[in-house]
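Chain residues, written in single-letter form:
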Amino acid sequence: MQKNLVIVESPAKAKTIEKFLGKDYTVLSSFGHIRDLKKKDCGIDIENNFTPDYEIPADKVKTVSELKKEAKKSETVWLASDGDREGEAIAWHLSEVLGLNKENTRRIVFHEITKDAILNAIENPRKIDIDLVNAQQARRILDRIVGFELSPILWKKVKPSLSAGRVQSVAVRLIVDREREIQKFAPEAAYRVIAVFTVEDKDGKKVELNAELQSRLKTKAEAEAFLQRCKNATFTVENVVTKPFKKSPAAPFTTSTLQQEASRKLGYSVSQTMMIAQKLYESGKITYMRTDSVNLSELALDTARQEILNTAGERYLQTRHYHTKSKGAQEAHEAIRPTYMNNHKVEGTSQESRLYELIWKRTIASQMADAELERTTITINISDEKLKFIAEGEILKFDGFLKVYLESTDDEGEQENASLLPPLKVNDRLESPESITATERFTQRPPRYAEASLVRKLEELGIGRPSTYAPTISTIQNRGYVEKGDREGVSRSYNVLKLENGNFTDEIKTEITGTEKAKLFPTDIGMVVNDFLILHFPNILDYNFTADVEKEFDEIAEGKVKWTDTLDTFYTEFHPQVEDTLQHSERKVGERQVGVDPESGKPVFVKIGRFGPVAQIGTAEDEEKPRFASLHKDQSIETITFDEVMDLFKLPREIGEYEGKKLVVGIGRFGAYIRHDSQFVSLKKEDDPMTVTESRAIELIEEKRLKEKNRIIKTFTEEPELEISNGRYGPYIAYKGSNYKIPKDKDPKALTLEDTMTLIRSQEGKPAKKKAAAKTAEAKKEKTKKTAVKK
């Protein structure tokens, strides 16, 4: 009989822990949860006090069998899953399913995978915390109830195959609300006035001094009049104020702040950050990555202190004790930090190295001295004017924590770096400015959410917890309610008035505004579902309600509230709303009439169809069937105009012939295309389906043919299903639905049939990628295009 069995939730974690434990310990992985609510039906016996009906998924049966076998052979079983609610639930499910004896079962928790932490956990085991388990069960069951009862309503009232979730729906609402703020936003113009003076610096050298008028002028007439008055004005230094100030470092990382900063500094998505952090944690390089605590252990403080003394000196040291402001900070006991502060860098992938370095710098900086700066403000009086010019500058007297790290921000406004100002004194008279420029500027619309700023907003509102941010953002994108993408800006004219050497100029310039990069945009279906849920389930979409539910989960975790009472209170109010909505809500959700067809006199609508947003002429009650047309990807049922809708019905249209076959332009589920000889060629972004010409269509067809020709390197008549092709990542072998790698030292063109089959056999069971799914998706895409053409 083996002495000890340690069960963790991931193989990588198991591998790292094995290094620290002796031969008396066997470490195995459960590969996450070993059971979940039944997928069939609701999986919850609501009538019987919300009793969950759990099942072991088919892909976990073998794992459970092996763990049972090993547990029976062991004197002591150590459940070492993570210390948050999800980890506690995994430990409880293992105990229940494996039938573990409480007397020889130990629950251990650690927040970093180091030898000291593991051995300390084994010396201080505890029992499974059933309150944490119940908090996880309450969340899982409540969310299942919401999804199970809301989704069928969406199928019937909006569109088949839709789904709804409690936290996800609120996240979508934030994005939809912001989009509508942007749609309603009307920019207001004002003139920003900057004067450029020539003064002497401390060495007597002539330098420029930029000063801005203390308030903006509302109209062009005001700006013109001001510049004209400045022609004969005198300019005097009215005041010089110099003040020292300090900048303090940001607290060590929590899950939320790590996701935000990795997005801003490294360009990582929220889910990407969590995946990389998980690897760093499981390989023993950082502490647990799901936490809303900013606290650092005494050991971490001591090692950080020593590292700062060794690398920067005593003046840079300032030990700080951070405390978590969030009431619900229960996920872990410490901030995210390196396990060993003397490791400035770690081995691993480029992504892992960059994220680790970010965590190391943030942690070290949090224990360093304030940066000391000096800010100087010069006020310049203009004769016979109430308004003043203001010049500001600052210098860094001591870099402190800035030697290592500076936190980024999400601000999209105009940012200028202040610098050292020349040594002017009160009553100094300045020469007339070289130039005074009044530039028309516009108020900025509210910024769209990026993943990082959405996480910050969810945290501010108390919605979700560290373990839920990444899956929430992934889910709303996977369900098609939100899209992450870039948008090109639009050209905008602005006015520049300039007084230079006594001469006045008036010029119109253009700029690109509104460019978006990696921002979250609500889809039409996301907006329609959001509006439907707000109308019929206002409490589910209410920010305060969702935050209050999270607080109740916290209280369940603390043993203050019975989890079934929380569910009963919620369901008693929620279920009658479901019944009422099924019976009394309308089917025509999201439908908008945009006008009347001048030819037929029939109404013209935009709405959500089976495959997304569509325009429709006529109704189902008419003798003739309604006509349909898909909206372009960049069009929305909320903002599309009548003229734009009517243009859609001009497609599909014939634009000529090629090789004796018609050329037809149309729009399908996947965008605009050319159809020729039963083949489809997508139009490029710059091609307008309403104006694309015959010659351009032929060019695109030939371009696709050439690409396809160059894709295939070699085929074999003896094996029709075998081909060597060029792919995105280089040459590969395709055979019977699977792809196989070609070693770099092999020439694809020189491979014989025997060589190729040998390579396939050597990789049997581990093909690089399956392409069957891709073929299926492509077939569906082609079928959809044909369906759109028929319509």
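An account of the accompanying structure is given in this report. Everything numeric in this text was worked out from a predicted model, so none of it was measured.

About the thresholds
- Residues numbered from 1 in each chain as written.
- Predicted model: local features only at pLDDT ≥ 70, side-chain atom pairs only at ≥ 80, totals over all residues.
- Heavy atoms only, no water.
- Helix = DSSP H or I, 4+ residues; strand = E, 2+ residues; numbered from the N terminus.
- Contact = heavy atoms within 4.5 Å.
- Areas by Shrake-Rupley, 256 points an atom, 1.4 Å probe, with all protein chains shown as cover.
- Lys, Arg positive; Asp, Glu negative; His and termini not counted.
- Charge placed at Lys NZ, Arg CZ, Asp CG, Glu CD.
- Axes fitted to C-alpha atoms, helices over the stretch in contact; angles between N-to-C directions.
- Parallel < 35°, antiparallel > 145°, perpendicular 65-115°, else oblique.
- Nonpolar A, V, L, I, M, F, W, Y, C, P; charged D, E, K, R; others polar.
- Salt bridge = Lys/Arg side-chain N within 4 Å of Asp/Glu carboxyl O.
- Buried < 20%, exposed > 50% of the residue type's maximum accessible area, 1.4 Å probe, protein only.
- Pairing = 2+ DSSP bridges.
- Left-handed = near helix turned anticlockwise from the far one by under 90°.
- Patch = residues over 30% accessible without salt bridge, like charges linked within 9 Å, V, L, I, M, F, W, Y side chains within 5 Å.
- Core = buried A, V, L, I, M, F, W, Y, C linked by side-chain atoms within 4.5 Å.
- Polar contact = N/O pair within 3.5 Å; in protein donor to acceptor, adjacent residues only side chain to side chain.
- Expected span 1.5 Å × (residues − 1).
- Phe/Tyr/Trp six-rings, centres within 6.5 Å; stacked < 30°, edge-to-face > 60°.

Thoughts on the overall build of the protein
So, step 1. Helix and strand counts for the protein come out as 20 helices and 32 strands.
So, step 2. Overall, the C-alpha framework of the protein stretches about 95 × 80 × 70 Å when taken along its three principal axes.
So, step 3. By sequence separation, contacts in the protein at least 24 residues apart represent 70% of the contacts at least 6 residues apart.
So, step 4. Put simply, the protein shows about 41700 Å² of open surface, and 48% of that area lies on carbon and sulfur atoms.
So, step 5. Computed over 127 positive and 129 negative side-chain charges, the separation of the two mean positions in the protein equals 4 Å.

Considerations on the packing of helix α5 (residues 130–157) against helix α15 (residues 543–557)
So, step 1. Two elements in contact, α5 and α15, have axes whose closest approach is 7 Å; the angle formed by their N-to-C orientations is 150°. Between α5 and α15, the interaxial angle falls into the category roughly antiparallel. Touching Asp131, Leu132, Asn134, Ala135, Ala138, Arg139 and Leu142 of α5 are Val549, Glu550, Phe553, Ile556 and Ala557, all from α15.
So, step 2. A class-by-class count of the residues in the contact of α5 with α15 yields eight nonpolar, one polar and three charged.

Digging into the pattern of salt bridges
So, step 1. Scanning the model with the defined rule gives 51 salt bridges in all.
So, step 2. Between glutamate 9 and lysine 13 there is a salt bridge, with the nearest N and O atoms lying 3.0 Å from each other.
So, step 3. Residue lysine 498 pairs with glutamate 500 through a salt bridge whose shortest N-O separation is 3.8 Å.
So, step 4. A residue is classified by how much of its surface remains accessible, and lysine 498, at 27% relative accessible area, is partly exposed.
So, step 5. Looking at glutamate 500, the relative accessible area reads 38%, which means it is partly exposed.
So, step 6. Residues participating in the shared-partner salt-bridge network are Glu179, Arg445, Arg448, Glu516 and Lys519.

Remarks on the sheet that holds strand β20 (residues 592–596)
So, step 1. Reading across from one edge, β20-β21-β22-β23 is the order of the four strands in this open sheet, with antiparallel pairing throughout. Either end of the sheet is taken by a strand with one partner, and the two such strands are β20 and β23 (627–630). Here the average twist between neighbouring strands, direction ignored, is 30°.

A look at unusual backbone geometry
So, step 1. The residue after leucine 651, namely proline 652, is reached through a cis peptide bond having omega -5°.
So, step 2. Position of proline 652 among the secondary structure elements: in the loop between α17 (642–648) and β24 (653–658).
So, step 3. Notably, phenylalanine 50 is not glycine yet its phi reads approximately 60°, a positive angle.
So, step 4. Among the secondary structure elements, phenylalanine 50 is positioned in the loop between β4 (44–45) and β5 (51–52).
So, step 5. A relative accessible area of 3% places phenylalanine 50 in the buried class.

Some details on the packing of helix α9 (residues 270–282) against helix α13 (residues 469–478)
So, step 1. Viewed as axis vectors pointing N to C, α9 and α13 meet at an angle of 140°, and their least axial separation amounts to 8 Å. It follows that α9 is oblique to α13 by the angle criterion. You can see that α9 and α13 cross each other, and the crossing is left-handed. Two secondary-structure elements touch here, α9 through Val270, Ser271 and Met274 and α13 through Tyr469, Ala470, Ile473 and Ser474.
So, step 2. Across the contact of α9 with α13, the residue classes tally to five nonpolar, two polar and no charged.

Looking at a negative patch on the surface
So, step 1. Side chains of Glu200, Glu208, Glu431 and Glu434 sit close together on the surface and give a patch of like negative charge.
So, step 2. With respect to the helices and strands, glutamate 434 occurs in the loop between β14 (429–430) and β15 (435–442).
So, step 3. With relative accessibility at 36%, the residue glutamate 434 sits in the partly exposed group.

Notes on the nonpolar core
So, step 1. Phe110, Leu355 and Ile674 are the most contacted members of the largest nonpolar core, which totals 139 residues.
So, step 2. Element by element, the count of residues in this core is highest for α5, at 11 residues.
So, step 3. Counting residues in hydrophobic clusters, the runner-up holds 28 residues, among them Leu209, Leu213, Phe235 and Leu430.

What about the side chain of aspartate 370?
So, step 1. You can see aspartate 370 is positioned in the loop between α11 (350–365) and β12 (371–382).
So, step 2. We classify aspartate 370 as buried; its relative accessible area is 13%.
So, step 3. Excluding its chain neighbours within four sequence positions, the residues that come into contact with aspartate 370 are Lys246, Lys247, Ser248, Pro249, Gln318, Arg320, Phe398, Gly400 and Phe401.

Considering the sheet that holds β12
So, step 1. Across the sheet, nine strands lie side by side as β14-β11-β12-β13-β10-β9-β15-β17-β18; this open sheet has antiparallel pairing. At either end of the open sheet lies a strand with only one pairing partner, and these are β14 and β18 (503–513).
So, step 2. Both β15 and strand β17 (residues 490–500) contribute to a ladder of five bridges, which runs antiparallel. Looking at β17, one finds that threonine 439 is bridged to valine 496.
So, step 3. Across the sheet, helix α7 (residues 220–230) is in contact with β9 (189–200), β10 (206–213), β11 (235–247), β12, β13 (388–398), β15, β17 and β18; its angle to β17 comes to roughly 25°.

Focus on the pairing of β17
Sheet faces and side chains relate simply in a regular strand, where the side chains alternate between the two faces.
So, step 1. Bridging between β17 and β18 involves 11 bridges; their strand directions are antiparallel. Among the inter-strand pairings, tyrosine 494 is bridged to a residue of β18, identified as lysine 509.
So, step 2. Count of turn residues in the β17/β18 antiparallel hairpin: two residues, of which asparagine 501 carries a positive phi of about 55°.

Quick look at the environment of glutamate 394
So, step 1. As for its placement among the helices and strands, glutamate 394 is situated in strand β13.
So, step 2. A distance of 3.4 Å separates a polar atom in the side chain of glutamate 394 from a polar atom in the side chain of arginine 375.

Points about the environment of lysine 509
So, step 1. Tracing the chain through its elements places lysine 509 in strand β18.
So, step 2. Sequence separation between lysine 509 and threonine 439 is 70 residues, and the spatial gap between their C-alpha atoms is 9.9 Å.
So, step 3. Non-local contacts of lysine 509, meaning those with residues more than four positions away in its chain, are made with Arg492, Ser493, Tyr494 and Val496.

Structural notes on helix α10 (residues 298–311)
So, step 1. Counted at 1.5 Å a residue, the expected span for α10 with its 14 residues is 20 Å, and the 20 Å between its end C-alpha atoms agrees.
So, step 2. Residues of α10 that are buried in the fold lie against α11.
So, step 3. Immediately downstream of α10, the backbone of glycine 313 shows phi near 105°, a positive value.

Side note on the packing of aromatic side chains
So, step 1. Counted under the stated rule, the structure contains 12 aromatic pairs.
So, step 2. Geometrically, the ring pair formed by phenylalanine 226 and phenylalanine 389 is edge-to-face, given 6.2 Å between the ring centres and 65° between the ring planes. Of this pair, phenylalanine 226 sits in helix α7 while phenylalanine 389 is found in strand β13, placing the two residues 163 residues apart along the sequence.
So, step 3. Using a relative accessible area of 1% as the deciding quantity, one classes phenylalanine 226 as buried.

Some words on the pairing of β13
So, step 1. Both β10 and β13 contribute to a ladder of two bridges, which runs antiparallel. Residue pairing for β13: leucine 213 is matched across the bridge by phenylalanine 389.
So, step 2. Both β12 and β13 contribute to a ladder of 10 bridges, which runs antiparallel. Paired with threonine 379 across the strands is isoleucine 390, a residue of β13.
So, step 3. Here β12 folds back onto β13 in antiparallel fashion, the turn holding five residues, of which aspartate 384 has a positive phi close to 65°.

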